[in-house]
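Each chain, letter by letter, is given below.
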Amino acid sequence: METGKNSQGIYRLPDSLAEDLENLREIIDKFGKGEISEARFRAFRVPQGIYEQREAGKYMLRVRLPAGMILPQQMRSVAGVSKKYGNRIIHVTTRQDVQVHRVSLENMYPALAAFRQAGLSTKGGGGNTVRNITSCYDAGVCTTEVFDVSSYAVALTEFMLADPLSFELPRKYKIAFSSCSRDCAGATVSDVGFIAKRRNGKQGFSVYAGGGMGAYSKVGYLLEEFVPDGEVHLVAEAIKRVFDKHGNRKNKHQARLRFLIGKIGFAEFRRLYEKELLSLKDNPPRLPEARSPGPVGKTLQKKEVGAERSLQQGNGMLVAQKQRGYYMVQIPLTLGDIKAEVFHSLADIVETHGEGLLHTTQQQNLALRWVAESELPELLQGLDTLGLGGSRPAVLRDMVACAGASTCRLGICLSRGLAEALAGELSQDGLDLDSLGELKIYISGCPNACGRHPVAQIGFYGVARRVGSRLVPYYMLLLGGMVEEGKTRLAQPVRTIPARNVPSFLVEYLRSFQNSNKYPEFEAFLDGKGRKIAEDLALSYMEVPEFGKDKNSYFDWGAEEIFSLAGRGPGECGAGVFDLIEVDLDTAADALKEKKLFTAIAAAARSLLVTRGEQPSDELQALELFKKYFLEQGLVDQQLEQVVQSAIHCASASDREEAFPGTVEEVALFVRAVKDLYQNMDSSLRFSTTVKKEQPAPVTSSRKTIADLSKDFRGVVCPLNFVKVKLALEQIESGQTLIVLLDEEGAKNVPGSVSSEGHEVLSITKESDHWQVFIRKA
């Protein structure tokens, strides 16, 4: 094992990084001057691991850490960047990266330059790239491992980052290494996963392909039972080339590797892979030497096997390594966050104790390894001084939550707020948390699975539902996920629960488990009566009071404002249109399952009205407007008019569900027809029939700017103002111009959404009490 200090960092940075940073500096300057569009700026910065946050003008920088390893001097660099340019909080992700948040445009380049000086980079931290390559955080010290896989993660990182193609893929490409079949790194749910094996005395890997987590999660296919460890780069490269040549570049929602395999079939995918692999073997590229970076800080004197251990391990932070006399110290974080000042001070401890480097974990915690028993008292005292000492039950320590809607533009719900609420409720309720062992509770703010909910034993992901005319935060409950080679399975959805009711539900559900003496293990409980208990129990937590009686359910956990989808998506208003449609369609689907037929038909009828710039105040108006815009215009089957008319007739009844005469089959047909219409809608919110355009006469605004059409949308909320702008653009030809008058909120959101669709925003000017936006149609 190498013990020399690696002054160059954990891995060799790509040779192109210096040029990338100079190009970025130029792009930032042009964007700041308004010389390039947001779309072009986004296309350059996202593959560099730079994401825009919900707060206007602020960005997140995602620093890749192969195998989750970071050196003390690099820790100080990250802490320094966070203190000087960010929000002074460092965040550890479920893919073992670290993130710095709330960096302004002008500070973006200095921050990245500082990272490069420390041997760090954000390149490949986002976009359609080879993402951070993960491994077991205890690789090299685990008692059950076949061999240490961390050096392979580092070597493959260097190999992949040297290839420009790794940054121009159809979609993200995630790779994981696990040291044994326990699959702690999630190789079986990654695009490509390697699991350590030994055959005839030689090291190698089983290989899985096409796994992944997200809106359509998938367990990977076993591609190779055994490949020699020297062929890892050939296998990963062959799969990457198949993905590059045959992946879907048109629809990013169907672009991951698992969708390609689903489309062409695994047999055909294997054929393409074997063809690429054979070509690579004929002219093999060189894999960088697999360097093990630790222990790097000092030479370690190993104790003899069977050495005396006097220290108690009951505090939950200590794990005995396979090397006798040494320990791994787990450092729990709250939802992956650590203050920059604390992280900087922790670097001194890391430099003094253990192997001289720190590991991040998929549970958003930290680990310090190779700590000799004699070092433990001083080390633990040092951690206590930094507020990192003490222990928590494993179920709380390893609870995972993504950033959610607090910062992420894709987030629907405040997942971190729910996690804090769950931890508080579980801690105060008198449950025996230690008896829950390492029960995995994972939370995502949306279906995209950054919080790993598809492999949770108890998982939640955020959704929105409509109650009456208002949006309410909900969570989909999932049960039964697990990761282990040959046993990996995805958690299955149970039902949605209002966000405010989730903590109480979970406490009662876990109490049911603890009171069930027949099932000492949670998996056995689920396989027995646990799933049925969850289904029945969830029904008793579905109530959402009317807004006028109790507003709490209309606030997400940790929110100060009433729940909405404002700020979601890269073009906020554009994304908001589709969000609202899908909220109503999901509400209709849920209601249909529960045989609430009037609620189902009213929600489905409401869903597409946003495309017509309408926001109905109640169910009756929604049904009448649907009849006007979709039935009378011939956009849906006229045979559905009868069931819509029946709903209109009973909309004023005291018990509309009881009064509605429609059948489950009729309502299901109606909901299906609306969903089909939505699927056939294009990005301009148009359906199959052509709307006749009326050519407007040129008009002049108050500032004497001549345009082909002018519209006043002051007082119209987002995203309806954007919809009305799109409808106005439909009235003019390509190259003609439109002036719209907007309130301040619309001026912040609409121009970006218009630009993201390819139109040119010529000017944005402030009038006395409103804004004027001048647009040329693409």
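Anyway, here's the lowdown on the structure attached to this text. Since the structure is predicted, the reported quantities are computational estimates derived from the model, not experimental observations.

Conventions and cut-offs
- Residues numbered from 1 in each chain as written.
- Predicted model: local features only at pLDDT ≥ 70, side-chain atom pairs only at ≥ 80, totals over all residues.
- Heavy atoms only, no water.
- Helix = DSSP H or I, 4+ residues; strand = E, 2+ residues; numbered from the N terminus.
- Rg over C-alpha atoms; globule rule 2.2 N^0.38 Å.
- Contact = heavy atoms within 4.5 Å.
- Areas by Shrake-Rupley, 256 points an atom, 1.4 Å probe, with all protein chains shown as cover.
- Expected span 1.5 Å × (residues − 1).
- Buried < 20%, exposed > 50% of the residue type's maximum accessible area, 1.4 Å probe, protein only.
- Pairing = 2+ DSSP bridges.
- Axes fitted to C-alpha atoms, helices over the stretch in contact; angles between N-to-C directions.
- Phe/Tyr/Trp six-rings, centres within 6.5 Å; stacked < 30°, edge-to-face > 60°.
- Lys NZ or Arg CZ within 6 Å of the ring centre and 35° of its normal.
- Salt bridge = Lys/Arg side-chain N within 4 Å of Asp/Glu carboxyl O.
- Parallel < 35°, antiparallel > 145°, perpendicular 65-115°, else oblique.
- Left-handed = near helix turned anticlockwise from the far one by under 90°.
- Nonpolar A, V, L, I, M, F, W, Y, C, P; charged D, E, K, R; others polar.
- Core = buried A, V, L, I, M, F, W, Y, C linked by side-chain atoms within 4.5 Å.
- Disulfide = S-S within 2.5 Å.

We now examine the overall build of the protein chain. Within the protein chain one finds 22 helices and 26 strands. The C-alpha radius of gyration computed for the protein chain amounts to 28 Å, which stays within 12% of the reference 28 Å derived for 778 residues, consistent with globular compactness. By its C-alpha atoms, the protein chain is 85 × 65 × 55 Å across when sized along the principal axes. Pairs at least 24 residues apart make up 67% of the contacts formed inside the protein chain by residues separated by at least 6 positions. Summed over all atoms, the accessible surface of the protein chain reaches about 32600 Å², with 47% contributed by carbon and sulfur.

For helix α14 (residues 522-539), with 18 residues, the first-to-last C-alpha span of 21 Å runs short of the 26 Å given by 1.5 Å per residue. When α14 is considered as a whole, its buried residues turn out to be F522, E523, F525, L526, G530, A534, L537 and A538.

Let's shift gears to the sheet that holds strand β1 (residues 50-52). Working definition: the strands of a sheet are paired by backbone hydrogen bonds and lie parallel or antiparallel to each other. Strands sit in the order β1-β2-β5-β4-β13 across an open sheet of 5 strands; the sheet is antiparallel. Two strands in the sheet have a free side with no partner beyond their single neighbour: β1 and β13 (337-339). Recorded for the sheet is a direction-independent mean angle of 30° between the axes of neighbouring strands. Both β1 and strand β2 (residues 58-63) contribute to a ladder of 3 bridges, which runs antiparallel. Looking across to β2, one finds that E52 is bridged to Y59. Its contacts with the sheet place helix α3 (residues 72-85) against β4 (89-92) and β5 (98-104), and it is angled at close to 25° to β5. The strands that helix α9 (residues 340-352) touches are β4 and β13; relative to β13, the one it contacts most, it runs at about 80°.

Now for the packing of aromatic side chains. Any pair of aromatic rings gets described here by the distance separating the centres and the angle formed by the planes. Per the counting criterion, the structure on display carries 24 aromatic pairs. Judged by centre distance (4.8 Å) and plane angle (15°), the rings of F177 and F194 are stacked. Here F177 is found in strand β7 (residues 175-178), whereas its partner F194 is found in strand β8 (residues 192-199), with 17 residues between them in sequence. Exposure class is identical for F177 and F194. Each is buried. An angle of 45° between the planes, with centres 5.2 Å apart, marks the rings of F513 and F525 as tilted. One end of the pair, F513, is in helix α13 (residues 502-514); the other, F525, is in helix α14, and 12 residues separate them in sequence. Looking at F513, the relative accessible area reads 7%, which means it is buried. Of the residues examined, F525 reaches a relative accessible area of 1% and is grouped as buried. Chaining the aromatic ring pairs together yields one cluster made of F505, Y509, F513, F522, F525 and Y541. Directly above the aromatic system of F547 lies the positively charged group of R470, at a separation of 3.6 Å from the ring centroid. Just above the ring of W557 sits the side chain of R500; from NZ or CZ to the centre is 4.1 Å.

This structure, assessed with the given rule, holds 39 salt bridges. With a closest N to O distance of 3.6 Å, K281 and E231 form a salt bridge. Taken together, the residues span a long stretch of sequence, with K281 in helix α8 (residues 266-282) and E231 in the loop between β10 (221-228) and α6 (232-246) at a distance of 50 residues. A residue is classified by how much of its surface remains accessible, and K281, at 40% relative accessible area, is partly exposed. Each of E38, R42, R45 and E52 takes part in one network of salt bridges that share partners.

Further remarks concern the sheet that holds strand β6 (residues 134-135). Strand order in the open sheet made by the 5 strands is β6-β7-β8-β9-β10, with mixed pairing throughout. Unpaired on one side and paired on the other, β6 and β10 mark the two borders of the sheet. Along the sheet face, helix α5 (residues 150-161) touches β6, β7, β8 and β9 (202-209) and points at about 160° away from the line of β7. Along the sheet face, α8 touches β9 and β10 and points at about 25° away from the line of β10.

Running from amino to carboxyl end, helix α17 (residues 619-631) crosses helix α18 (residues 641-649) at an angle of 155°, the nearest separation of the two axes being 9 Å. In this view, α17 runs roughly antiparallel relative to α18, as classed from their interaxial angle. Relative to α18, α17 is oriented so that their crossing is left-handed. Residue-level inspection shows L620, L623, E624, K627 and L631 of α17 in contact with α18, the latter providing E641, V644, Q645, A647 and I648. Looking at the contact of α17 with α18, its residues break down into 6 nonpolar, 1 polar and 3 charged.

The buried fraction of β5 amounts to 6 of the 7 residues, a majority that puts the element mostly inside the structure. Here β2 runs beside β5; their pairing, made up of 5 bridges, is antiparallel. Residue pairing across strands places Y59 opposite V103, the latter belonging to β5. The hairpin formed by β4 and β5 contains 5 residues between the paired strands, and Q96 there has a positive phi angle of roughly 70°.

All right, on to the nonpolar core then. Counting residues in each nonpolar core, the largest one holds 93 residues, and the members touching the most others are I458, F460, Y509, F630 and F670. The biggest single contributor to this core is helix α16 (residues 597-607), with 8 residues. Setting aside chain neighbours within four positions, we find Y509 in contact with I458, L479, F522, F525, L526, G530, R531, I533, A534 and L537. L17, V98, L105 and A347 belong to the second largest nonpolar core, which has 55 residues in total.

Burial of β9 is extensive: 6 of the 8 residues sit out of reach of the surface. With 8 bridges connecting them, β8 and β9 associate as antiparallel partners. Looking at β9, one finds that G193 is bridged to Y208. Where β8 hands over to β9, the hairpin turn is made up of 2 residues, of which N200 adopts a positive phi near 55°. Relative to β10, β9 is paired through 5 bridges, and the arrangement is antiparallel. If you follow V207 over to β10, its bridge partner there is E224.

Attention shifts here to the packing of α3 against α9. Remark: α3 packs on α9, axes separated minimally by 8 Å, with the N-to-C direction vectors making an angle of 170°. When the axis of α3 is compared with that of α9, the two are roughly antiparallel. On the side of α3, the interface is formed by P72, M75, R76, V78, A79, S82 and K83, while α9 contributes A340, E341, F343, H344, L346, A347, D348, V350 and E351. For the contact of α3 with α9, a count of residues per class yields 9 nonpolar, 2 polar and 5 charged.

Take the environment of L471 next. Looking at the element boundaries, L471 is found in strand β19 (residues 470-479). When the C-alpha positions of L471 and S564 are compared, they lie 6.4 Å apart, and in sequence the two are 93 residues distant. With sequence-adjacent residues up to four places away left out, L471 is seen in contact with R465, R466, Y554, F563, S564, L565, L580 and V583.

With that settled, the discussion passes to the state of the cysteines. Counted by the stated rule, this structure contains 0 disulfides. Between C184, a free cysteine, and C136, which holds the nearest cysteine sulfur, the sulfur-to-sulfur gap is 4.8 Å. On the basis of relative accessible area, C184 is assigned to the partly exposed category, the value being 32%. C446 forms no disulfide, and the closest cysteine sulfur to it belongs to C408, at a distance of 6.3 Å. Owing to a relative accessible area of 7%, C446 belongs among the buried residues under this scheme.

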